Amino acid sequence: MQQRRASASSGRPSGTDGSDFSYRMVVDSRYTKVAKGKSRLSALFLSQAVVQLIGLLFTFLLTSKEEHSNRLTISSASLGLVSLIIGELGRKHSWVSLLRVCMVASSIAIFLSVFCVIKNSTMLEVINNPSNWKAKKFELLETGRVLLGSLVQMSLIGTITSLIGNMSPPKKAS
């Protein structure tokens, strides 16, 4: 009982004066890199989802004007959203295979979006006739959205690649 009072009166239990620092566990740097990568990936998924949702909105606005559906654009945005859901599951549960699927599927979705913008060729029409930009404003915004989505996708690929490298166990030297 006297020992309890003696240690309670000093305010600090014995053995916590900081002299045991060399015996404490050190977190491997790859675990901190994984945590930072996961938080960055979460922000990238959110921004890519916003870009894809804007793409769906533009597609429906343009489709209502032209009265014919562009299935390739709709499938591109849908594939992008599904790949982000798969990627979020992979990020939460640290499943490398789902992160790889997300990376490939979202890249295909962006390539399809780029193809649709190139096929549309609205940008060339506006460059040739700048006074006609107001009539083609949704198409121009779609081009900007695809460019932004491509930039986010490049950052997403780099982050997923880095994350996969840090999630994999280190190789033992022979």
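The structure this text deals with has already been given above.
Predicted model only: the values in this text are computed from it and were never measured.

(A) Structural detail: the overall build of the protein. Scanning the protein for helices and strands turns up six helices and zero strands. Going through the 174 residues of the protein one by one, you find that 32% of them count as buried. With the model as given, the accessible surface of the protein reaches about 11700 Å², and the carbon-plus-sulfur share is 65%.

(B) Quick look at the side chain of Thr-73. Tracing the sequence through the fold places Thr-73 in helix H3 (residues 71–93). In this structure Thr-73 touches Thr-59, Cys-116 and Glu-142, once residues within four positions along its chain are discounted.

(C) Focus on H3. An ideal rise of 1.5 Å per residue puts 33 Å on 23 residues; H3 measures up with 33 Å between its terminal C-alpha atoms. Of all the positions in H3, only Thr-73, Ser-76, Ala-77, Gly-80, Ser-83, Leu-84, Gly-87, Gly-90 and Arg-91 are classed as buried. Phi for Ser-94, located one or two positions after H3, is positive at around 55 degrees.

(D) Layout of the side chain of Ser-107. Within the secondary structure, Ser-107 sits in helix H4 (residues 96–120). Under the relative-accessibility criterion, Ser-107 is labelled buried at 13%. Ignoring any residue separated from it by four or fewer positions in sequence, one finds Ser-107 in contact with Gln-153 and Ile-157.

(E) Fine view of unusual backbone geometry. With a phi angle near 55 degrees, Ser-94 is a residue other than glycine that sits in the positive phi range. For Ser-94, the position within the fold is in the loop between H3 and H4. Using a relative accessible area of 31% as the deciding quantity, one classes Ser-94 as partly exposed.

(F) Focus on the packing of H3 against H4. Where H3 contacts H4, the two axes come as close as 8 Å, and the packing angle between them is 160 degrees. Compared by their axis directions, H3 and H4 come out roughly antiparallel. Like other packed secondary-structure pairs, H3 and H4 cross with a definite hand, here left-handed. Contact with H3, carried on its side by Leu-72, Thr-73, Ser-76, Leu-79, Gly-80, Ser-83, Ile-86, Gly-87, Leu-89, Gly-90 and Arg-91, involves Leu-98, Leu-99, Val-101, Cys-102, Ala-105, Ser-106, Ile-108, Ala-109, Leu-112, Ser-113, Phe-115 and Cys-116 of H4 and no other residues of that element. The residue makeup of the contact of H3 with H4, split by class, is 14 nonpolar, eight polar and one charged.

(G) Highlighting a nonpolar patch on the surface. Taken together, the side chains of Leu-46, Val-50 and Ile-54 present a nonpolar region at the surface, about 260 Å² in accessible area. Here Leu-46 lies in helix H2 (residues 29–66).

(H) Fine view of the pattern of salt bridges. According to the stated counting rule, one finds one salt bridge in the structure shown. Linking Arg-91 and Glu-88 is a salt bridge whose minimum nitrogen-to-oxygen distance equals 2.6 Å. In this pair, Arg-91 and Glu-88 are both assigned in helix H3, three residues apart and thus about one turn of the helix distant. You can call Arg-91 buried: its relative accessible area is 15%.

Procedures and definitions
- Note on numbering: residues in each chain are counted from 1, in written sequence order.
- Predicted model: local features are reported for residues with pLDDT of at least 70 only, side-chain atom pairs are reported and counted for 80 or more only, and whole-chain, interface and lining totals are derived from all residues.
- Values shown for side chains rest on all heavy atoms present in the structure; no hydrogens or waters enter the calculation.
- For helices the rule is a DSSP run of H or I covering at least 4 residues; for strands it is a run of E covering at least 2, with both sets numbered from the N terminus onward.
- Burial classification: accessible surface area is computed with a 1.4 Å probe over protein chains only, and a residue below 20% of its type maximum counts as buried, one above 50% as exposed, and the rest as partly exposed.
- Per-residue accessibility takes into account occlusion by the displayed protein chains alone, with areas from the Shrake-Rupley method and a 1.4 Å probe.
- In what follows, residue pairs with any heavy atoms lying within 4.5 Å of each other are defined as contacts.
- A helix is expected to reach a length of 1.5 Å times the quantity of its residues less one.
- Angles shown run from 0 to 180 degrees and are taken between the N-to-C directions of axes, each axis being a line fitted to C-alpha atoms and, for helices, limited to the stretch in contact.
- The cut-offs work like this: below 35 degrees is roughly parallel, past 145 is roughly antiparallel, 65 to 115 is roughly perpendicular, and the gaps in between are oblique.
- Less than a right angle of anticlockwise turn of the near helix away from the far helix marks a crossing as left-handed, whereas a clockwise turn marks it as right-handed.
- Residues were grouped as follows: Ala, Val, Leu, Ile, Met, Phe, Trp, Tyr, Cys and Pro as nonpolar; Asp, Glu, Lys and Arg as charged; and all remaining residues, including Gly, as polar.
- Each patch groups residues whose relative accessible area exceeds 30% and which form no salt bridge, using 9 Å between like charges and 5 Å between nonpolar side chains of Val, Leu, Ile, Met, Phe, Trp and Tyr.
- We define a salt bridge as a contact between a side-chain nitrogen of Lys or Arg and a carboxyl oxygen of Asp or Glu at a distance within 4 Å.

These results come straight from atomic positions and should not be treated as a statement about function.
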